[in-house]
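Tertiary structure, described
Read off the chains here:
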Amino acid sequence: MPLSLSKIHPTFSSPMNSSPSDPVLPIVIVPIEGSKQEEPRQPEPPDLRHWQIEEFLRQTGKSDNTQRVYRGQLVRFAAWCDKSWLDVTPSDIGKYRRELKLKGLKATSVNHALNTLKAFYGWLRRSNGYPVNKPLPTDAIDLERQPELQADHIEAEDLSQLWAALELEEKTRVRDRAIIAVLSHGLRASEVSALDVEHWNGKILKVHRSKGQNVSEVPLSREARSYLEAYLEWRRQQGGMFEPLPESPMFLAQDPKSTGKRLGYKGLHRMVKKLGAIAGVEDVKPHRFRHTFGTEVTRRGVDPLFGKELMGIKSDKVFQRYTKGVFKQAAAEAYLRAIGEEEEEKS
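What counts as what
Residues numbered from 1 in each chain as written. Predicted model: local features only at pLDDT ≥ 70, side-chain atom pairs only at ≥ 80, totals over all residues. Heavy atoms only, no water. Helix = DSSP H or I, 4+ residues; strand = E, 2+ residues; numbered from the N terminus. Contact = heavy atoms within 4.5 Å. Areas by Shrake-Rupley, 256 points an atom, 1.4 Å probe, with all protein chains shown as cover. Expected span 1.5 Å × (residues − 1). Buried < 20%, exposed > 50% of the residue type's maximum accessible area, 1.4 Å probe, protein only. Phe/Tyr/Trp six-rings, centres within 6.5 Å; stacked < 30°, edge-to-face > 60°. Axes fitted to C-alpha atoms, helices over the stretch in contact; angles between N-to-C directions. Parallel < 35°, antiparallel > 145°, perpendicular 65-115°, else oblique. Nonpolar A, V, L, I, M, F, W, Y, C, P; charged D, E, K, R; others polar. Salt bridge = Lys/Arg side-chain N within 4 Å of Asp/Glu carboxyl O. Patch = residues over 30% accessible without salt bridge, like charges linked within 9 Å, V, L, I, M, F, W, Y side chains within 5 Å. Polar contact = N/O pair within 3.5 Å; in protein donor to acceptor, adjacent residues only side chain to side chain.

What follows is about the overall build of the protein chain. Helix and strand counts for the protein chain come out as 14 helices and two strands. Expressed as a percentage of contacts within the protein chain between residues at least 6 apart in sequence, the contacts between residues at least 24 apart total 56%. Split by element, the accessible area of the protein chain, about 22,400 Å² in all, is 54% carbon and sulfur.

Okay, structure coming up:
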């Protein structure tokens, strides 16, 4: 005789025998292992480390490009080392450096990552986010040895080839001549891209420096002024979106997709690279014009204090990177002059 379910389990009765006074109770499923039911997952709180990274970038006032690089460096380290910033040790930093080297990064890139961490921890202490009596984990870390940076200015012959290429017929040539003329006065590519028409008074450019909050006044040579004025006149003749209103960008894109918009950092790089290819000059980048300017002002005997001001540089050590070519050349000439062979070399 089959057993009734109601007899097996007193709380379970068949639907046929159920009545209002004897309701069917809900079935509770109990896991075989007897473990408790998993509680609903709570949303994870925001990572304090990432908030601190954003505060560091906000308070130090770095340029957009520098912020992007610093953010990437710090986020990568935070993903690699799952510790709070206070718990990171010198050993952690050392292991991270070793891992970067194993990935094949050059000494320059490894040092950039380490310097970013040093800058961040310095800010953390200044903002009272790190104990004063506790050594920073970056204090004991030395940078990688790297080859001495070589002079990166553009030689006179190559410059002549670039300017000759700018004489060729091209729809952007009026603009491109003005851009190269401005780059040749020591501005960074990001600073040239950020210029507005109102930053030019006919003789001096007011440059909002991308590194730091200072503003420099950079006078342009007569030739550079003529190129810039020619470009602004061209824009007046075009009218419409090209009309050079005071608040409009100084340099505009002219490609079909972005016509009339500000020529961005990447667009400026592409323009310079294309110019180098046309001129047959290798490895032409906007920053090389900055090196060339540093070399030129030093060769002409401009006081280094004024040279740094014109280029928006605060450190003597950084300024020396841009004048390395002049000092090497001067040292060679001084030696030849001392041994009486200077005239022989010239002939």
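What follows continues from the structure just given.
On to helix α10 (residues 265-279). Helix length check: α10 (15 residues) gives 21 Å between terminal C-alpha atoms against 21 Å at 1.5 Å per residue, within 8%. Within α10, the full set of buried residues consists of G267, L268, M271, V272, L275, G276 and A279. In this fold, the buried residues of α10 make contact with α6 (156-165), α7 (173-183), α8 (189-193) and α11 (286-299). Following α10 by one or two positions, G280 has its phi on the positive side, about 75°.

Tallied over the full model, the rule gives 16 aromatic pairs. Judged by centre distance (5.9 Å) and plane angle (15°), the ring pair of F77 and W85 falls under stacked. W85 shares its class with F77; the two are buried. Here the aromatic rings of W85 and F120 are separated by 4.5 Å at their centres, their planes lie at 50°, and the arrangement is tilted.

Between helix α3 (residues 64-80) and helix α5 (residues 107-126), whose axes approach to 10 Å, the crossing angle comes to 90°. Judged on the interaxial angle alone, α5 and α3 are roughly perpendicular. Touching V69, Y70, Q73, L74 and F77 of α3 are H112, A113, T116, L117, A119 and F120, all from α5. Of the residues assigned to the contact of α3 with α5, the class counts are eight nonpolar, three polar and no charged.

Our next topic: the pattern of salt bridges. Overall, the coordinates contain 18 salt bridges when judged by the stated rule. One salt bridge connects E144 with R97, and the closest N-O pair in it is separated by 3.5 Å. With E144 in the loop between α5 and α6 and R97 in helix α4 (residues 90-102), the pair connects residues that are 47 residues apart, well separated along the chain. An identical accessibility class is assigned to E144 and R97; each is buried. A salt bridge links E191 to R209; the nearest nitrogen and oxygen atoms lie 2.8 Å apart. Of this pair, E191 sits in helix α8 while R209 sits in the loop between β1 (204-208) and β2 (215-219), placing them 18 residues apart in sequence. One exposure class covers both E191 and R209, and it is buried. Salt bridges sharing partners connect three or more residues here, namely R97, K101 and E144.

Note that Q67 resides in helix α3. On the basis of relative accessibility, which here comes to 18%, the residue Q67 falls in the buried class. Setting aside residues up to four positions removed in sequence, Q67 forms contacts with L57 and K62.

Spanning 14 residues, α11 covers 21 Å between terminal C-alpha atoms, matching the ideal 20 Å at 1.5 Å per step. Among the 14 residues of α11, 11 are classified as buried, and the element is accordingly described as predominantly covered. Within α11, the full set of buried residues consists of P286, R288, F289, R290, H291, T292, F293, G294, T295, V297 and T298. If you follow the buried residues of α11, they end up packed against α6, α7, α8, α10, α12 (304-311) and α13 (316-338).

Right, let's get into the environment of L187. Here L187 shows up in the loop between α7 and α8. Sequence separation between L187 and G312 is 125 residues, and the spatial gap between their C-alpha atoms is 8.3 Å. Excluding its chain neighbours within four sequence positions, the residues that come into contact with L187 are V182, V192, L195, V207, R209, V218 and R290.

It is worth spelling out a nonpolar patch on the surface at this point. Taken together, the side chains of V302, L305 and F306 define a hydrophobic patch exposed on the protein surface, amounting to about 290 Å² of accessible area. Residue placement: F306 occurs in helix α12. When its relative accessible area of 52% is taken as the criterion, F306 is described as exposed.

Let's shift gears to unusual backbone geometry. For N128, which is not glycine, the phi torsion reads 65° and is therefore positive. With respect to the element layout, N128 can be found in the loop between α5 and α6. For D283, which is not glycine, the phi dihedral falls at a positive 55°. Tracing the backbone through its elements, the reader meets D283 in the loop between α10 and α11.

With that settled, the discussion passes to the environment of T116. Of note, T116 is situated in helix α5. Linking T116 and L74, residues 42 residues apart in sequence, is a C-alpha distance of 7.3 Å. At a separation of 2.8 Å, a polar atom in the side chain of T116 contacts the main-chain carbonyl oxygen of H112.

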